[in-house]
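Secondary and tertiary structure notes
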Amino acid sequence: MKIHIKNGRLIDPASKTDKPLDVFVAAGRIVGVGDTPAGFEPNSVLDATGCIVCPGLVDLAARLREPGFEYRATLESEMAAAAAGGVTSLACPPDTDPVLDEPGLVEMLTHRARLPDFAHVHPVGALTVQLEGKALTEMAELAEAGCVAFGQANRAIVDTQVLLRAMMYAATFDFPVWLQAQDPFLARKGVAHDGEVAARLGLVGIPVAAETIALATILHLANETGARVHVTRISSAAGVDMIAAARAAGIEVTCDVAIHHLHLCEMDVGFFDAHARLDPPLRSQRDRDALRTALASGAINALCSDHTPVDDDGKQMPFDEAEVGATGRELLLPLTLKWAQEMKLPLVTALARVTSDPARILGVKAGRLVPGAAGDICVFDPVAEFKVSRENLKSQGKNTPFLGLEFPGRVRYTLIDGHLAFDGTLS
Amino acid sequence: MGAGNPQLNKHGELNHLLTIEGLPRDVLIRILDTAAPFSEVAEREVKKIPLLRGKSVFNLFFENSTRTRTTFEIAAKRLSADVINLNINTSSANKGETLLDTADNLAAMHADMFVVRHASSGAPYLIAQHMGATGRDHIHVVNAGDGRHAHPTQGLLDMYTIRHYKKDFSQLTVAIVGDVLHSRVARSQIHALTTLGVPEVRVIAPRTLLPTGIERLGVRVFNDMREGLRGVDVVMMLRLQNERMQGALLPSTQEYFKSWGLTPEKLALAKPDAIVMHPGPMNRGVEIDSAVADGGQAVILPQVTFGIAVRMAVMAMLAGNS
């Protein structure tokens, strides 16, 4: 299959390219950019007039809910959502049921995910058995089965000695360790940011110190062990400062933020809107502003969807009983563009945070749009509005605090390995 | 992303009573004014008026409460409503029925009003929103206490009591003393007092029993009770539950009583005509000395009596706004 993407504006953050260039794809790879390669006879020509052609998006946190939670989402529904959202590579956290702590499970998942319309799945293996924070998993075996990193999803390792040893063991193989920074004691029973809104609504608060204390532990141990640490879902201004200080001190650490924390704050809990029940909690406006600035400067390395499909029953509950998380895969691109627009950022910088930068964290060859790279491409209309509605969302999870809103940025085509996985002109 | 105030209908009238926060002053005044004649009903030989005749009021209590449920029951019965009491506790949760399933089932039995007590903050909102979203806005929801969030009828009966004894809100200094952190009563009192124009609302508690950012609700924070009580017109005590002694919030009831228990000696720092209130049930010797609880400045039993009139007023107004 040879595809010619014509008349588009090519943005490749990795090479800092932003100009009108055609793209040529053959045998699953990009074979030319700009001039037509000699003898190239396309089977198909995709019109990208008025569109931006960029590398397919790389999402560092996208739950597939398989195995174990198929009533919330299936691989099919979530992969359709990925393609519709221009996401061509994704990392999935290990908090499935059973958790991804055995090579067989990882192999089954990656095997199931190996279909032409499906984004590349990069499982994050469990760092400890059952995510219980007690015993180490067989990381080398899990890596052979396809795990790109090891983490705990949202679950903390309470015992710091286990955390130290897990990081040491991972560092032995130079495996990246992905950790969410939240002290389980300070977060106990907490459901919202410990601030004005929680005080008013009578919700149990999670103080910022829950993040900074856990972060201090993680950063100290990273320094001690030399483990490659990636901090997931940073939520506070103080957390951002600590990571910057650690880097300045020579500690190798990366971090990401979720789309929700970039655009929302504690006020968006409104009158107990369970869609805003997220982990970590939405924090203050000041925190949100710091996250936006840090992502722009690159102090936060990547933006992710933290896609967590929850069925309606899980959200139709009192706020503190409702299930945690929001659907987000199809919102990653529109909310990246919205942030870029509001921050007056060049698109080549903004798109780096959802393409080349997360690809580097994942350690996979993705997020580039140059000859020789995989044919993972997203073609989107930056002006056309995407309305967030139950009907428009392909994910089985319709749970999002953005429901009912419209954002510019609609995907026209998604190519995965040079195969047209999504055609927005048909819908 | 929050819509408008979910307890008002499109004419700005009260359709549900979920919280005092955000309610206009004139709505609060109207409730208090409506309650006044109802307090006389209890003096009659036949303690009933037919305002809610033929209506079904469901007391939906997901959390134990004898006192509040009883006063709601009496209020509804004095308005001639049929009252059905459901103490759901955890039994429905064990059967796997969700809160909204329970509400739907009762709505199908032609309920006109739900009086809801729930351990989770916001639970009555969920029911009210669900009724609205399914075209059953004519079913009114009254919050009878949700988690730590609100207990609006308690807040209103407290305002009724204050108005009864002090007439004018605009000259008062009011102190709320005790476990503000866990108290839905305190939050409702604070919103009611600030909305009604009380110039100084104080909260007095150890720092472990104050929520972060409480001063943003318009209160002055005192940790020292003696300092906080100086010159106040009204002392509103809060109940301290015994389980607060676990979990490192407080060391002991003795130490709590010493620092924050209301004794005659501490009360003497308030104005000589200050009144003492308590939402009940009281823990004598923990937050309040018996000499104060039974003393001449306490208005704790009148609060209970006024509570019935205020709850009658709320139910009558909601039914009238159908």
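Residues numbered from 1 in each chain as written. Chains lettered and ligands numbered in written order. Predicted model: local features only at pLDDT ≥ 70, side-chain atom pairs only at ≥ 80, totals over all residues.

In terms of helices and strands, chain A carries 13 helices and 20 strands. With respect to the principal axes defined by its C-alpha atoms, chain A has extents near 65 × 50 × 45 Å. For chain A, the proportion of its 427 residues judged to be buried stands at 58%. Put simply, 76% of the contacts in chain A that link residues at least 6 apart link residues at least 24 apart. (Helix = DSSP H or I, 4+ residues; strand = E, 2+ residues; numbered from the N terminus. Buried ≥ 20, exposed ≤ 12 C-beta atoms within 10 Å, placed from the backbone. Contact = placed C-beta atoms within 7 Å.)

What follows concerns unusual backbone geometry. Residue P67 of chain A is bonded to the preceding E66 of chain A through a cis peptide linkage, with omega at -5°. Tracing the backbone shows P67 of chain A in the loop between β8 (57-59) and α1 (75-84). Positive phi outside glycine occurs at Q130 of chain A, with the angle close to 60°. By secondary structure assignment, the location of Q130 of chain A is in the loop between β10 (120-126) and α3 (139-145). For K167 of chain B, which is not a glycine, the phi torsion comes out positive at approximately 65°. Taking the C-beta count within 10 Å as the criterion, K167 of chain B has 9 such neighbours and is therefore assigned exposed.

On to the environment of P124 of chain B. Residue and element names in this part refer to chain B. Within the secondary structure, P124 sits in helix α5 (residues 123-133). Judged by local crowding, P124 falls into the buried class, with 34 C-beta atoms found within 10 Å. In this structure, P124 is in contact with L18, V116, H118, V141, N143 and D146, ignoring residues within four places of it in sequence.

With that settled, consider the nonpolar core. Residues V23, V53, F150, V177, I218, V231 and V379 of chain A are the most contacted members of the largest nonpolar core, which totals 126 residues. Among the elements that make up this core, the one with the highest residue count is helix α6 (residues 208-225) of chain A (7 residues). Within the second largest apolar cluster, 119 residues are counted, among which are V197 of chain A together with L18, L157 and V198 of chain B. (Core = buried A, V, L, I, M, F, W, Y, C linked by C-beta atoms within 7 Å.)

All names here are of chain A. Read from one edge of the open sheet, 4 strands run β5-β4-β1-β6, paired in mixed fashion. Either end of the sheet is taken by a strand with one partner, and the two such strands are β5 (29-33) and β6 (44-47). Pairs of neighbouring strands in the sheet enclose a mean axial angle of 25°, with direction left out of account. Pairing analysis gives 4 bridges linking strand β1 (residues 2-6) to strand β4 (residues 23-26), with the strands arranged antiparallel. Pairing of K2 across the sheet is with A26, part of β4. (Pairing = 2+ DSSP bridges. Axes fitted to C-alpha atoms, helices over the stretch in contact; angles between N-to-C directions.)

Residues and elements named next belong to chain A. Strand order in the open sheet formed by 8 strands is β8-β9-β10-β11-β12-β15-β16-β17, and the pairing between neighbours is parallel. With one partner strand each, in any of the chains shown, β8 and β17 (302-304) form the two edges of the open sheet. In this sheet, neighbouring strand axes are inclined to one another by 25° on average, regardless of whether the strands run parallel or antiparallel. Here strand β16 (residues 253-258) runs beside β17; their pairing, made up of 3 bridges, is parallel. Opposite V257, over in β17, you have L303 as the bridge partner.

Before going further, it helps to examine helix α4 (residues 160-172) of chain A. Residues and elements named next belong to chain A. The terminal C-alpha atoms of α4, which comprises 13 residues, lie 18 Å apart, in line with the 18 Å expected from a rise of 1.5 Å per residue. Buried within α4 we find L163, A166, M167 and A170. Here the buried residues of α4 occupy an arc of 95° about the axis, which is enough to place them on one side. Among the exposed residues of α4, those oriented more than 90 degrees off its buried face are Q161 and T172. Taken together, the buried residues of α4 touch α3, β11 (149-151), β12 (177-180) and α6. (Expected span 1.5 Å × (residues − 1). Arc of directions from axis to C-beta.)

What follows deals with the pairing of strand β19 (residues 406-416) of chain A. Residue and element names in this part refer to chain A. Burial analysis of β19 places 8 of its 11 residues in the buried class, which makes it a mostly covered element. Sheet analysis places strand β18 (residues 377-387) next to β19, joined by 8 bridges and oriented antiparallel. Bridging across to β19, F380 finds its partner in V411. Inspection of the sheet shows β19 paired to strand β20 (residues 419-423) by 4 bridges, in the antiparallel sense.

Listed as interface residues are 22 residues of chain A and, on the opposing side, 25 residues of chain B. With 4 residues, helix α5 (residues 196-201) of chain A is the largest single contributor of residues to the side of chain A that touches chain B. The residue makeup of the side of chain A that touches chain B, split by class, is 9 nonpolar, 5 polar and 8 charged. (Nonpolar A, V, L, I, M, F, W, Y, C, P; charged D, E, K, R; others polar.)

Residue and element names in this part refer to chain A. Relative to the 18 Å expected for 13 residues at 1.5 Å per residue, helix α9 (residues 285-297) spans 19 Å between its end C-alpha atoms, a close match to the ideal helical length. The set of residues buried in α9 consists of D287, R288, A290, L291, A294 and L295. The arc that holds every buried residue of α9, seen down its axis, measures 160°, which confines them to one face. Exposed side chains of α9 directed beyond 90 degrees from the buried face belong to R286, D289 and S297. In this fold, the buried residues of α9 make contact with α7 (237-248), β16, α8 (259-263) and β17. Among the residues trailing α9, G298 stands out with phi positive, at a value near 95°.

This paragraph deals with the environment of V58 of chain A. Residues and elements named next belong to chain A. Looking at the element boundaries, V58 is found in strand β8. Between the C-alpha atom of V58 and that of L351, which follows or precedes it by 293 residues, the distance is 10 Å. The residues touching V58, leaving out its near neighbours within four places in the chain, are S89, V354, T355, P358, A359, L362, A366 and G367.

As a further point, take the domain arrangement of chain B. All names here are of chain B. Under the domain assignment used here, chain B contains domain 1 (25-150 + 307-320) and domain 2 (152-304). Taken together, the 19 residues of domain 1 in the interface contact 19 residues of domain 2. For the side of domain 1 that touches domain 2, the elements supplying multiple residues, two or more each, are α1 (25-41), β4 (140-146) and α12 (300-320). Each residue belonging to the side of domain 1 that touches domain 2 can be placed in one class, and the counts come to 9 nonpolar, 5 polar and 5 charged. (Domains from an automatic or database assignment.)

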